[in-house]
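A closer look at the structure
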Amino acid sequence: MIFDPKRRKEERSARIGMALFRMSQAIKKMTQAESDALGLSPIQIQALLFSTYTRGEMATVGNFADSIGTTHVTAVKIINGLVTKGLMSKSQKPEDRRVTLLVLTSKGEEVVSHIKGFGHSLEEALQPISDETIEKLELGLGSIISVMEKRGDLVVAEPCLGCIHFRPHANDGATPHYCNLIQKYLSHEASLKECPEHTPSP
């Protein structure tokens with residue numbers, strides 16, 4: 001148990017586990033302070049950023065729920081709060097009306113333009129750390145994230161490049177890339193957005 005000081009003294013995994021837990025508490029505090037200044041909750045800001053940086057057809061209520069590790073019902077409540085504020089709209093996916101797509105309104109886009117610095121407090125906390133230490137930290141955290149992703153504890157969304165489903169420059173014109181997963185051609189701009197179905201190439 002990571003909360004047991006005796007175990008932390010004896011086991012590195014317990015010490016690291018506790019360090020990550022303490023970091024999560026600190027991050028929660030920092031993001032709460034940042035979101036309070038904007039009149040939104042941290043989870044509402046996450047929803048706005050999810051809609052901003054996720055590729056259109058993947059910006060669904062279900063994928064948002066997976067990205068924050070909550071139930072579909074809870075995700076709907078969060079989204080509905082933003083719809084009420086006039087920051088987001090919902091629409092049914094043309095090819096599957098059971099799926100709800102999330103789109104920012106013009107007011108929502110304006111709000112997002114003011115929250116691009118969300119998380120800056122965490123970045124500032126990393127600034128004094130040496131490049132060598134940061135590099136090792138990045139590798140270590142990457143390994144932890146990979147394990148947690150395989151266990152189903154979190155979803156890692158990334159842009160198309162490097163995904164096994166992505167076929168770059170498969171077409172001419174405005175939609176030069178192709179996604180084998182959804183079987184659609186993509187614009188270059190769309191390929192730069194995050195996709196929750198990203199599967200790294202071997």
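Every chain is numbered on its own, with residues counted from 1 as its sequence reads. Local features in a predicted model are, by the rule used here, given only for residues with pLDDT of at least 70; side-chain atom pairs are given and counted only at 80 or more, and totals for whole chains, interfaces and linings are based on all residues. Note that the side-chain values use all heavy atoms of the structure and ignore hydrogens as well as water.

Digging into the overall build of the chain
This is how the line gets drawn: By definition, any uninterrupted DSSP run of H or I lasting at least four residues is a helix, any uninterrupted run of E lasting at least two residues is a strand, and each is numbered from the N terminus. For every residue, the accessible area (1.4 Å probe, protein chains only) is compared with the maximum for its type, and the residue is labelled buried under 20%, exposed over 50%, or partly exposed between those bounds. Residue contacts are counted whenever heavy atoms from the two residues lie within 4.5 Å of one another. Charge convention: Lys and Arg are scored as positive, Asp and Glu as negative, and His as well as the terminal groups of each chain are ignored. Where a charge lies is defined by one atom per residue type, namely NZ (Lys), CZ (Arg), CG (Asp) and CD (Glu).
When its secondary structure is counted, the chain shows nine helices and five strands. Taken from N to C terminus, the helices and strands of the chain fall in the order α-α-α-α-α-β-β-α-α-α-β-β-β-α. The C-alpha extent of the chain, read off along each of the three principal axes, is 60 × 40 × 30 Å. In the chain, buried positions account for 27% of the 202 residues. Considering only contacts in the chain between residues 6 or more positions apart, those separated by 24 or more positions represent 50%. Positive and negative side-chain charges in the chain, numbering 24 and 24 respectively, have mean positions lying 8 Å apart.

A word on the sheet that holds strand S4 (residues 177-179)
Quick note on the threshold: A pair of strands counts as paired when DSSP detects no fewer than two bridges linking them.
The antiparallel open sheet is built from three strands, whose spatial order is S3-S4-S5. Looking at the sheet topology across the chains shown, the edges are occupied by strand S3 (166-167) and strand S5 (184-186). Taken together, the two bridges between S3 and S4 define a ladder with antiparallel strand orientation. Note that in S4 the partner of Arg-167 across the bridge is Tyr-178.

Topic: the environment of Ala-59
Tracing the backbone through its elements, the reader meets Ala-59 in the loop between helix H3 (42-53) and helix H4 (61-68). If we ignore the near neighbours within four places in the chain, the residues touching Ala-59 are Phe-50, Thr-54, Thr-100, Leu-101 and Leu-102.

Some words on empty space enclosed by the protein
Here is the rule we go by: Both site types are read off a 1 Å grid over the protein atoms alone. A 1.4 Å probe that fits but cannot get out defines a cavity, while an open set with protein on both sides within 12 Å along at least five of seven lines defines a pocket; lining residues have an atom within 4 Å of a point. Grid points are joined across faces, edges and corners, and a volume is the space filled by probe spheres set on the points. Any residue outside Ala, Val, Leu, Ile, Met, Phe, Trp, Tyr, Cys, Pro, Asp, Glu, Lys and Arg is labelled polar, Gly included; the first ten of those are nonpolar and the last four are charged.
The tally for this structure, following the rule as stated, stands at one cavity of 30 Å³ or more. Put simply, the largest cavity is a space of about 60 Å³. Along the walls of the largest cavity sit Arg-55, Cys-160, Cys-163, His-165, Phe-166, Cys-179, Leu-181, Cys-195 and Glu-197, which together make up its complete lining. Taken together, the residues that form the lining of the largest cavity break down as six nonpolar, one polar and two charged.

Here we look at the packing of aromatic side chains
What characterises a pair of aromatic rings is the spacing of the ring centres plus the angle enclosed by the ring planes. Quick note on the threshold: Pairing of aromatic rings covers Phe, Tyr and the six-membered ring of Trp, with a centre-to-centre limit of 6.5 Å; geometry is then stacked below 30 degrees between planes, edge-to-face above 60, and tilted otherwise.
Scanning all chains against the criterion turns up three aromatic pairs. Here the aromatic rings of Phe-3 and Phe-21 are separated by 5.1 Å at their centres, their planes lie at 75°, and the arrangement is edge-to-face. Note that Phe-3 is positioned in the segment before helix H1 (5-10) and Phe-21 in helix H2 (residues 12-36), a separation of 18 residues in sequence. On the accessibility criterion, Phe-3 (44% relative accessible area) is partly exposed. Aromatic side chains Phe-50 and Phe-64 sit 5.5 Å apart centroid to centroid with 55° between the ring planes, which places their arrangement in the tilted category. Taken together, the residues Phe-50 in helix H3 and Phe-64 in helix H4 connect sequence positions 14 residues apart. Its relative accessible area of 10% is what places Phe-50 among the buried residues. Given a relative accessible area of 0%, Phe-64 falls into the buried group.

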